[in-house]
Amino acid sequence: MLSEATGREVEVVDVPDYLAVVEAIRSDHVDIGIMSGFPSALAVNTGEVDALLAWPGAQDPVSTCVVLEGSPVQTLEDLRGGTVAFADPASSSGYFMPVHMLDAAGLKRGVDYEHIFAGGHEGSFAALEQGQVDAACTAVMLTQLGAPIFPFEDGEWRAVGESAAMPVSMTVLSRQSLDPETAALIQDGLQKVFSPENAEALGALGAGTIGVETIVNPDKSIFQPFVDIAAVADVDISDLG
């Protein structure tokens, strides 16, 4: 869709995790990365990555923790003494927001529950399915996508707890050496991609962007709330270089 909107060839580069995306942009290996709030805040605060676009967050919960239907866990408090799967140490919906949610429920990471990083949301679901963890904390949006990303059928799982909303749902980051013409083309093209006319084609991937006014060349200050929330997870992203 971006290729059609820009008239440019678009190549997707697979990387192992969010931090690899940040490093790929910083190192000029890729032109842009489409990211959620926390890795975007991390990237922008290095001072070596530019933000081209941002979509303000809605008031809806971002994350939840998923348990199997037969689990004795009924509330977040029931995870005390248990093990939780997080997606990635730089994931907004799969780490920072769930840690913040659990903290608000009185559960301190590493004190009241153990955790693993599963290498992605799908890894978290696999760990839950295999009985390695008591809960998999993930994005609400992903539970709505169904197979193959979300492997559980209705009646096989339950959602436990809801996180706070995020001030920014998604951003587009770019390498600083990107020429102005290409940057403007990408900005215009992605606004066309994430437009109401493509809502059906995007499905759940358009959640948080369709019908939301886009911020062009957002100021670094919009990421400050992420710095504050990350502090709950004992991660300082206020001054990374």
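This structure is a prediction, so every number in the text was calculated from the model and none was measured.

Some thoughts on the pairing of strand β4 (residues 83-86)
Link 1 in the chain: Relative to strand β5 (residues 114-117), β4 runs parallel, the two being bridged by four bridges. Among the inter-strand pairings, T83 is bridged to a residue of β5, identified as E114.

Topic: the sheet that holds strand β9 (residues 215-216)
Link 1 in the chain: If you trace the four strands from one edge of the open sheet to the other, you get β1-β8-β2-β9, paired in antiparallel fashion. For this open sheet the edge positions go to β1 (32-35) and β9, each flanked by a neighbour on one side alone.
Link 2 in the chain: Two strands pair when backbone bridges link them, and β1 and strand β8 (residues 168-175) are joined in this way by four bridges, in the antiparallel orientation. Residue I32 lies in a different strand from β8, and its bridge partner there is S174.
Link 3 in the chain: Helix α2 (residues 18-26) rests against β1, β2 (49-56) and β8 of the sheet, and its axis sits at about 150° to β1.
Link 4 in the chain: Strands β1, β2 and β8 of the sheet are contacted by helix α3 (residues 37-44), whose axis makes an angle of about 35° with β8.

As for the pattern of salt bridges
Link 1 in the chain: Following the criterion strictly, the structure yields seven salt bridges and no others.
Link 2 in the chain: Here R26 ties to E23 by a salt bridge, and the two come within 3.0 Å at their closest N and O atoms. Pair noted here: R26 and E23 are both in helix α2, with a separation of three residues, about one helical turn.
Link 3 in the chain: Salt-bridge contacts for E69 lead to R158; the nearest nitrogen and oxygen are separated by 3.7 Å. Of this pair, E69 sits in the loop between β3 (63-68) and β4 while R158 is found in strand β7 (residues 157-160), placing the two residues 89 residues apart along the sequence.
Link 4 in the chain: We classify R158 as buried; its relative accessible area is 16%.
Link 5 in the chain: By sharing partners, the salt bridges in this structure join E23, R26 and E48 into a single network.

Some words on a negative patch on the surface
Link 1 in the chain: A cluster of acidic residues, E129, E153, D154 and E156, forms a negative patch on the protein surface.
Link 2 in the chain: Its place among the elements puts D154 in the loop between α6 (140-143) and β7.
Link 3 in the chain: The class for D154 is exposed, based on a relative accessible area of 74%.

Some words on the state of the cysteines
Link 1 in the chain: Applying the stated criterion across every chain yields a total of one disulfide.
Link 2 in the chain: The disulfide partner of C65 is C137, and the gap between their sulfur atoms is 2.1 Å. Between C65 and C137 the sulfur-sulfur dihedral comes to about 85°; the bridge is accordingly right-handed. Placement of C65 in strand β3 and of C137 in strand β6 (residues 135-139) is noted, with a sequence separation of 72 residues between them. Comparing C65 with C137, the two get one shared label, buried.

The rules behind these values
Residues numbered from 1 in each chain as written. Predicted model: local features only at pLDDT ≥ 70, side-chain atom pairs only at ≥ 80, totals over all residues. Heavy atoms only, no water. Pairing = 2+ DSSP bridges. Helix = DSSP H or I, 4+ residues; strand = E, 2+ residues; numbered from the N terminus. Contact = heavy atoms within 4.5 Å. Axes fitted to C-alpha atoms, helices over the stretch in contact; angles between N-to-C directions. Salt bridge = Lys/Arg side-chain N within 4 Å of Asp/Glu carboxyl O. Buried < 20%, exposed > 50% of the residue type's maximum accessible area, 1.4 Å probe, protein only. Patch = residues over 30% accessible without salt bridge, like charges linked within 9 Å, V, L, I, M, F, W, Y side chains within 5 Å. Areas by Shrake-Rupley, 256 points an atom, 1.4 Å probe, with all protein chains shown as cover. Lys, Arg positive; Asp, Glu negative; His and termini not counted. Charge placed at Lys NZ, Arg CZ, Asp CG, Glu CD. Disulfide = S-S within 2.5 Å.

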